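The lines below spell out each chain.
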Amino acid sequence: MLKRFPAALAGEDRGLAATLVVLVALGLLVPVFNLVIGEGSFLHIPTYLVSLMGKYLCYALLAVAVDLIWGYGGILSLGHGAFFALGGYAMGMHLMRQIGTRGVYGDPVLPDFMVFLAWKNLPWYWHGFDNFAIAMAAVVLVPGLLAFVFGWFAFRSRVTGVYLSIITQALTFALMLAFFQNALGFGGNNGLTDFKELLGFNLQADGTRISLFVATVIALVGGLVICRLIVGSKLGRVVTAVRDAESRTRFLGYRVEAFKVFAFTVSAVIAGIAGALYVPQVGIINPSEFSPAASIEIVIAVAVGGRGTLWGPVIGAVLVNYAKTFFTGELPEIWLFVLGGMFMAVTLFMPKGVIGAWPSVRDALANGRARQRRTVTEAGE
Amino acid sequence: MRTFKSLICMLVLGAAWALTPAPAGATDLAPLVAPFAGGGFAEKIEAVGNLAASGEVRAAAILEALADGRLMVLAADNRLLIASPDGTSFADAITGEVVAGVSADSASAVTVNNRLRGIVRGALGGVTLLSPDREQRLRAADAVLKSRNLELLPILERAAASETDPQVKPHMDIALGAARLLSPDAEIRLQGVPLLAGHGDADVRSLLEGLAGKAADGSFAETDERVRAAAAAALEAGASRLFIQQAVEKVFQGISLGSVLLLSAIGLAITFGVMGIINMAHGEMVMIGAYTTFVVQECFRAWAPGAFDLSLFVAIPAAFLVSGLFGIVIERVAIRFLYGRPLETLLMTWGLSLVLQQTVRSIFGPTNQQVGSPSWMSGAIEVAGLSLTLNRIWIIVFAGLVFAGLVLLLRRTALGLEMRAVTQNRSMASAMGIRTGRVDALTFGLGSGIAGIAGVALSQIDNVSPNLGQSYIIDSFMVVVFGGVGNLWGTLVGALTLGVATKFIEPLAGAVAAKILVLVVIILFIQRRPRGLFALRGRAVES
């Protein structure tokens, strides 16, 4: 089984390579089409579309993170949105501190919502977030640390399968309830918003938005490459072995929980980075990102694209989120039918997602065409 | 202000005098009530006092009508009438006889301002403290305790002394004690304190605390040393009683919450616990049950409004059947293809739950639906100073019945035997001639049907909206996982533990923080015991 694995990976790699090429092309061409080609031209890509694509790619990065542990590690996390949101909040805190006196109340230190709540001092955990480097460290460390502690406890006591899924869901649900509280100091219901600038660049400016998009492309490419390296390494193969036969791997002498914690933590860090890139492009972060439904939507994106392939989730996330944008805009009543139908159809009929379904569809089409040709030639004789 | 107080004083003393056996009907009412027909507010206030002092049987009725704005003046001859609460019939204020042929247009209500209304209320309290109706006396005693009026002291003394009803007596005593505390005479205040001792009521305790403690400026609010000491002692005596009373109240609330959790989780204990199916659409089965209740009630409203109290008895089997049928169809059409793939089942049923929610939203609309409570479920009973609402009690009873029924079904019937057989060893059961496919469908249908029944109960205490199920699904899974999968008793213990624990944490930390805390504790608990409180042992663990 392990021997055949690299061969299987090689097959995947063609798709992965194609995805990377497309992403790099996007990263190079979109700025040109947005900035260089004038607004009159039909080739011009408006800025709102750039931000929308950036948002999709953030979700794609989150989907890759989920795929790393679900597709390769067999760990179905229904709470990965929590790591995404934590990264997002860390970025949001930095952006809030950057507002300075330009807020509605003009307080040089306190964000608007704290002035509104009549707080006198900045809570201790908000200190240092005016520094970009510290904020970026928090983007990585907070989700990473939570995942490490949570994973260490869960995997050490051999919480597996659906039990793990359910407690990850409870984790994100508990965090959502907590972040809804005003007293926690993260803006409660409204979350963090009304951002002005990042590193001195106006967030509304076209150039900033393009830069954020390019940063997202780079992060996604980087995430894919890192995940590919992990999956292809010996360590990654052990992770996959745990997925397929956990007890057997343990009996072979591997410390299963260490491998799982490693994959879980890396995945959470990637999710946190995706969240940090998401917030400045969308302009808001609020507790709804913690909702169990948001996390499950990412899981379905992975399932639609095809889990166990790194590029499948990218396709899945873009497809699902494009569908969401389209249906919630055009036909809001049937969006839940579509989403729910996607869940059911994919699990029942396409367990490997659209990517896995493609070869059989192609074969079916090829057979059909061959049969047609045969019929035609027979008729001609 | 002084005149105001002396007025009340006069009024109440008058009332007290009035209730000494006065020669009934000795005074003529007509001149007493005449100011209501045309006088200014000052005259009306005076008239209220005179009326209360008159001792007339009709006084209470007239004052009540005045306070409610039902005292009417007939435009033609300034005659005073009392309108019935629904405003359709009129009675003569003086004689109490029904007057026919009066239309609402020909009479206008006597104008009342807030000051007059307050005076009328006080006078009424004095008049009704000695009323022969015990309900009225109970209300009057509580009203007097709230208003705390020294002028009411004499009448309270009389009322408390003559009170014989064991349920009304404590209320009278508390009101009397509270009124005595207002007296300028330290001796009387001292007599008031013992009456307040030993009660857990928060109002009473704050009164005593005011006596025993210091005011903001450091001086004692109470000047007399002995009164302070007595108040402190009374507080001490009340503390343990208060503690027990609060604990009992929390336990009741906890059991009430636990029974709701039990109802929503017990269906899941069958589908998840017994069959191992992760049914994320379980909450939607509950929601469908609640909507079935709504539809049944609409039918009752349309065709048999008189029998509305019986609607729940129809709704329970209807909800069981509707949700159960949904369950069977879902199992046959989709879930059976996913046996052995729990994570896929989870995702599939989550998708299903979205579709079901949106379907219900499309049919019934996104807003909350009005589900009524039958009369036998509304109201409250009072046990040892605790007020327990009837619908909560019924839900506890109902949860117990459903649980007992389910245990009996699994233990004592042929179907239950087959279900347990298939769960324990599918291929062996199949070899013994059990049609496993049919048992699977029925088991899933049973779990879903129980969820539907839970929906009937939840419709009585929660909003019936398409999101009803979502708010219970995570809690339900927590209960089942906490209690231990595959064990109904574990679910019972888990639900009650979580319910009581939540209610005990809530006052310390707030409702949301309590929920978060409970979730975190469960997450930690699962680390310690990954298989729950009552873990299965033996071969089943490995599967």
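**A closer look at the overall build of chain B**
Right, so step 1: When its secondary structure is counted, chain B shows 22 helices and 7 strands.
Right, so step 2: Intrachain contacts of chain B at a sequence separation of at least 6 include 70% that bridge at least 24 residues.

**Details of the overall build of chain A**
Right, so step 1: Broken down by element type, chain A carries 14 helices and 4 strands.
Right, so step 2: For a compact globule of 381 residues, the expected C-alpha radius of gyration is about 21 Å, and chain A comes in at 23 Å, within 12% of that figure.
Right, so step 3: Structurally, chain A occupies a C-alpha span of about 90 × 65 × 40 Å along its principal axes.
Right, so step 4: Going through the 381 residues of chain A one by one, you find that 43% of them count as buried.

**Remarks on the interface of chain A and chain B**
Right, so step 1: Listed as interface residues are 37 residues of chain A and, on the opposing side, 33 residues of chain B.
Right, so step 2: Going through the elements one at a time, α5 (132-156), α6 (161-180), α11 (292-305) and α13 (335-349) of chain A are the ones with two or more residues in the side of chain A that touches chain B.
Right, so step 3: Per-element accounting of the side of chain A that touches chain B gives the leading share, 13 residues, to α6(A).
Right, so step 4: When its residues are assigned to classes, the side of chain A that touches chain B shows 27 nonpolar, 8 polar and 2 charged.

**Quick word on the confidence of the model for chain B**
Residue and element names in this part refer to chain B.
Right, so step 1: Mean pLDDT over chain B: 78, with 87% of residues reaching 70 or higher.
Right, so step 2: This stretch, residues 13-26, has a pLDDT under 50; its non-local contacts, to residues over four places away or in other chains, come to 22 contacts.
Right, so step 3: Between residues 538-543, whose pLDDT stays under 50, and residues either more than four places distant or in other chains, the model counts 3 contacts.
Right, so step 4: Predicted complex metrics record ipTM = 0.80 and pTM = 0.73.

**So, the pairing of strand β1 (residues 71-74) of chain B**
Residues and elements named next belong to chain B.
Right, so step 1: As paired elements, β1 and strand β2 (residues 80-83) share 3 bridges and run antiparallel to each other. Residue pairing across strands places M72 opposite L81, the latter belonging to β2.
Right, so step 2: Here β1 folds back onto β2, and the loop between the two strands holds 5 residues, one of which, N78, carries a positive phi near 55°.

**Focus on unusual backbone geometry**
All names here are of chain A.
Right, so step 1: Its identity as a non-glycine residue notwithstanding, D194 has a phi of 65°, on the positive side.
Right, so step 2: Topologically, D194 is positioned in the loop between β1 (192-193) and β2 (197-198).
Right, so step 3: For D194, a count of 16 C-beta atoms within 10 Å corresponds to the partly exposed category.

**As for the environment of B:V422**
All names here are of chain B.
Right, so step 1: Summarising the element assignment, V422 is placed in helix α16 (residues 414-424).
Right, so step 2: In sequence terms V422 and R435 are 13 residues apart; their C-alpha atoms lie 9.1 Å from each other.
Right, so step 3: In this structure, V422 is in contact with A429, I434, T436, V439 and D440, ignoring residues within four places of it in sequence.

**Topic: the sheet that holds β2(B)**
Residue and element names in this part refer to chain B.
Right, so step 1: Ordered by their spatial adjacency, 5 strands build an open sheet running β4-β3-β2-β1-β5, and the pairing between neighbours is antiparallel. Edge positions in the sheet fall to β4 (98-99) and β5 (107-109), since each has one partner strand and no second.
Right, so step 2: Where strand β3 (residues 90-92) lies against β4, 2 bridges are found, and the strand directions are antiparallel. The residue bridging A91 from the neighbouring strand is V98, located in β4.

**Quick notes on the packing of helix α7 (residues 206-232) of chain A against helix α10 (residues 256-282) of chain A**
For any two helices packed against each other, one specifies the inter-axial angle together with the distance between the axes.
All names here are of chain A.
Right, so step 1: It is the contact of α7 with α10, at a shortest axis distance of 10 Å, that shows an interaxial angle of 170°. Taken together, the axes of α7 and α10 lie roughly antiparallel to each other. Across the interface between the two elements, L212, A215, T216, A219, G223 and I230 of α7 pack against V266, I270, I273, L277, P280 and Q281 of α10.
Right, so step 2: Counted by class, the contact of α7 with α10 contains 9 nonpolar, 3 polar and no charged residues.

**Considerations on helix α2 (residues 29-38) of chain B**
Residue and element names in this part refer to chain B.
Right, so step 1: Taken together, the buried positions of α2 are L32, V33, P35 and F36. Mapping the buried residues of α2 onto a view down its axis gives an arc of 125°, with all of them on the same face. Opposite its buried face, α2 presents the exposed residues A30, P31 and G38, each directed more than 90 degrees away.

**Concerning the nonpolar core**
Right, so step 1: Ranked by size, the top nonpolar core spans 194 residues in total, and within it A:L62, A:A63, A:V64 and A:A274 carry the most contacts.
Right, so step 2: Setting aside chain neighbours within four positions, we find A:A274 in contact with A:C58, A:L61, A:L62, A:A65, A:F84 and A:G87.
Right, so step 3: Listed in part, the 30 residues of the second largest apolar core include B:L156, B:A178, B:L181 and B:V227.

**Here's the deal with the confidence of the model for chain A**
Right, so step 1: With 93% of its residues at a pLDDT of 70 or more, chain A shows a mean pLDDT of 83.
Right, so step 2: α10(A) holds the highest mean pLDDT among the elements of chain A, 92, whereas helix α14 (residues 353-380) of chain A holds the lowest, 68.

**Some details on the environment of B:G494**
Residues and elements named next belong to chain B.
Right, so step 1: When you line up the elements, G494 lands in helix α20 (residues 488-509).
Right, so step 2: Overall, G494 belongs to the buried group, with 27 C-beta atoms counted inside 10 Å.
Right, so step 3: Distance from G494 to G484, taken between C-alpha atoms, is 8.2 Å for residues 10 residues apart in sequence.
Right, so step 4: Beyond its immediate stretch of four places on either side in the chain, G494 contacts V479, F482, G483 and L533.

How each quantity is defined
- Residues numbered from 1 in each chain as written.
- Chains lettered and ligands numbered in written order.
- Predicted model: local features only at pLDDT ≥ 70, side-chain atom pairs only at ≥ 80, totals over all residues.
- Helix = DSSP H or I, 4+ residues; strand = E, 2+ residues; numbered from the N terminus.
- Contact = placed C-beta atoms within 7 Å.
- Rg over C-alpha atoms; globule rule 2.2 N^0.38 Å.
- Buried ≥ 20, exposed ≤ 12 C-beta atoms within 10 Å, placed from the backbone.
- Nonpolar A, V, L, I, M, F, W, Y, C, P; charged D, E, K, R; others polar.
- pLDDT = per-residue confidence, 0-100.
- Pairing = 2+ DSSP bridges.
- Axes fitted to C-alpha atoms, helices over the stretch in contact; angles between N-to-C directions.
- Parallel < 35°, antiparallel > 145°, perpendicular 65-115°, else oblique.
- Arc of directions from axis to C-beta.
- Core = buried A, V, L, I, M, F, W, Y, C linked by C-beta atoms within 7 Å.

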